[in-house]
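If you want the building blocks of each chain, they are given just below.
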Amino acid sequence: MKTVIGIIGAPGTGKTTLMKQWMERWDWEYHRTGQLDHYVSGDLIVLGVYPEGETFGGTDKLSMSIAPQVVEFLDNNQDKIILFEGDRLNSKKFFQEVLDKGWNLRIVALDVGKEERERRYEERGSDQDPTWLQGRISKVENVIEEFGAKSTLFGEEEGHVVSFTHHSPDCTELVSDWIQEEVNNIILNSVIADI
């Protein structure tokens, strides 16, 4: 079954660093379909672009209007594991469309403490407007609220969000390991289902 794993978080939470670190575990071929840059390794697809030597990458390097092309691309790539990070696809509408199509969805929400995030902004020379930054934080919080676990009369309903707060490169390695374990389980379950 097709699986979409989206890594979301406010700017400075380490999404691109995490994806680059995880991608080092595989050999990738770069492709471009329409305006959609992506990397392929067997049944794994990473959406976005990661230019050499640049801090920013992922889906944030794609067109602001890329979501419809991504949905069409997903329709045409059955039984794949699609991963992405960044703000372009971080929307309730996109994630709901993934679920409505019956695809597996896992959202990895990254966070760091406010002081660490501000230190990272300063280190990389970010000059983003505070109102815009708050908007990105609120957007992430809204997705977590919509697709995370919910309390019901009958207990807790399972959600699609796994949240990680990290403070060091060691934490990034742990999250990368978690993503790899998820990918391994999806591949294993697919093989078992084919038997």
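Residues numbered from 1 in each chain as written. Predicted model: local features only at pLDDT ≥ 70, side-chain atom pairs only at ≥ 80, totals over all residues. Heavy atoms only, no water.

1. Points about the overall build of the protein chain
Next up, step 1: Counting its regular elements, the protein chain contains six helices and nine strands.
Next up, step 2: Taking 2.2 N^0.38 as the reference for a compact globule, 195 residues should give roughly 16 Å; the C-alpha atoms of the protein chain span a radius of gyration of 17 Å, in line with that estimate.
Next up, step 3: With the C-alpha coordinates of the protein chain rotated into their principal frame, the extents come out at 50 × 50 × 35 Å.
Next up, step 4: Out of the 195 residues belonging to the protein chain, those deemed buried represent 44%.
Next up, step 5: Counting only contacts in the protein chain whose residues sit at least 6 apart along the sequence, the fraction spanning at least 24 positions is 70%.
Next up, step 6: Between the centroid of the 20 positive side chains of the protein chain and the centroid of its 35 negative side chains there is a distance of 5 Å. (Helix = DSSP H or I, 4+ residues; strand = E, 2+ residues; numbered from the N terminus. Rg over C-alpha atoms; globule rule 2.2 N^0.38 Å. Buried < 20%, exposed > 50% of the residue type's maximum accessible area, 1.4 Å probe, protein only. Contact = heavy atoms within 4.5 Å. Lys, Arg positive; Asp, Glu negative; His and termini not counted. Charge placed at Lys NZ, Arg CZ, Asp CG, Glu CD.)

2. Digging into helix H2 (residues 67–75)
Next up, step 1: All of the buried residues in H2 are Val70, Val71, Phe73 and Leu74. In a view along the axis of H2, the buried residues occupy a sector of 160 degrees, so they form one face of it. Exposed and facing more than 90 degrees away from the buried side of H2 are Pro68 and Glu72.
Next up, step 2: As for H2, its buried residues are in contact with strand E1 (3–8), strand E2 (29–33), strand E3 (36–41), strand E4 (44–47), strand E5 (81–85) and helix H3 (92–100). (Arc of directions from axis to C-beta.)

3. So, unusual backbone geometry
Next up, step 1: Positive phi outside glycine occurs at Asp79, with the angle close to 50 degrees.
Next up, step 2: Note on Asp79: relative accessible area 51%, which makes it exposed.

4. A word on the layout of surface pockets
Next up, step 1: Approximately 700 Å³ is the volume attributed to the largest pocket.
Next up, step 2: Lining the largest pocket are 33 residues, and of these Gly12, Thr13, Gly14, Lys15 and Arg124 sit closest to its centre.
Next up, step 3: The set of elements that each furnish at least two residues to the lining of the largest pocket consists of helix H1 (15–23), helix H4 (114–123), helix H5 (130–147) and helix H6 (169–194).
Next up, step 4: When residues in the lining of the largest pocket are grouped by element, the largest group, five residues, is from H1. (1 Å grid on protein atoms, 1.4 Å probe; cavity = no way out; pocket = protein on both sides within 12 Å on 5 of 7 lines; lining within 4 Å. Points joined across faces, edges and corners; volume = space filled by probe spheres on them.)

5. Brief notes about the nonpolar core
Next up, step 1: In this structure, Leu47, Val70, Leu74, Phe94, Phe95 and Ile107 are the most contacted members of the largest nonpolar core, which totals 25 residues.
Next up, step 2: Broken down by secondary-structure element, the contributors of at least two residues to this core are E1, E4, H2, E5, H3, strand E6 (104–111) and H5.
Next up, step 3: For this core, the leading source of residues is H2, giving four residues.
Next up, step 4: Leave out the neighbours within four places in its chain, and Phe94 touches Val70, Val71, Leu74, Phe84 and Leu89.
Next up, step 5: One finds Tyr39, Val108, Phe164 and Val175 within the second-largest nonpolar core, a separate group that totals 22 residues. (Core = buried A, V, L, I, M, F, W, Y, C linked by side-chain atoms within 4.5 Å.)

6. Observations concerning the environment of Ile7
Next up, step 1: Considering the arrangement of structural elements, one finds Ile7 in strand E1.
Next up, step 2: C-alpha separation for the pair Ile7 and Arg124, spaced 117 residues apart in sequence, amounts to 21 Å.
Next up, step 3: For Ile7, the contacting residues outside a window of four places in its chain are Lys15, Leu18, Met19, Phe84, Glu85, Gly86, Val108, Leu110 and Ile179.

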